[in-house]
Every structure is written in structure tokens, then in C-alpha cells.
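If you want the building blocks of each chain, they are given just below.
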Amino acid sequence: MAYLDSASSTQKPRQVLDRMRSFYEHEYANVHRGVYQLAERATEGYEGARHTVASFVNAPSPREVVFTRSATEAINLVAYAWGLRNLGPATSS
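This text gives an overview of the structure that appears in the document. Source: prediction; values computed, not measured.

Notes on the overall build of the protein
- Broken down by element type, the protein carries three helices and zero strands.
- Mapped in sequence order, the helices and strands of the protein form the string α-α-α.
- Out of the 93 residues in the protein, the part that is buried amounts to 11%.
- Across the protein, contacts joining residues at least 24 apart in sequence account for 0% of those joining residues at least 6 apart.
- Accessible surface computed for the protein: about 8,300 Å², of which carbon and sulfur atoms make up 56%.

Analysis parameters
- Residues numbered from 1 in each chain as written.
- Predicted model: local features only at pLDDT ≥ 70, side-chain atom pairs only at ≥ 80, totals over all residues.
- Heavy atoms only, no water.
- Helix = DSSP H or I, 4+ residues; strand = E, 2+ residues; numbered from the N terminus.
- Buried < 20%, exposed > 50% of the residue type's maximum accessible area, 1.4 Å probe, protein only.
- Contact = heavy atoms within 4.5 Å.
- Areas by Shrake-Rupley, 256 points an atom, 1.4 Å probe, with all protein chains shown as cover.

The following block contains the structure:
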């Protein structure tokens, strides 16, 4: 079955569920916030995902990959960044 409604309600493949379970059981911690083993392991996984995505989309650098909570947040982030660079004050005619 392929159900592409949204990421939050989509059916997940067994591999995704297995990895999520493993993360919650063995690695769950705040990313980039702790200096203890679980936080370091969570951060390594997070940054590893950034490298994987960068390679998949052929990004010049993993630093160019930004994770957001939702598609709406991602679109707003891109629109805001583009607007700062390309738009200015309105002029009256």
C-alpha cells in the first residue's frame, strides 16, 4: 500500500518502524544539547542523517540540509530567506 496523504499519517515501512523503536529504546536524547553518551549517540545519528540526505539530493555540503517539523515550516523558511534577499520596501507609483 502507498498512502501519500502526509508524513504524519502515512503508513511506515517495517524498516522505519524498527529503526524508530531502536532509537526510542536505546538512543533517545536531545540532539546537540548533552555531553552524555545517549545525547552524543543521538547527535551522531542526526548528523549522519544530514550527510545521507545531502548525498541523496547532491547538496554541495551537509550544512545546506535543514530539517524542519513540517512542510509548512519548510516552505515558510524558504520564502522568508528568499524574501530577505530579493524583496525590499514597497514603492508607491
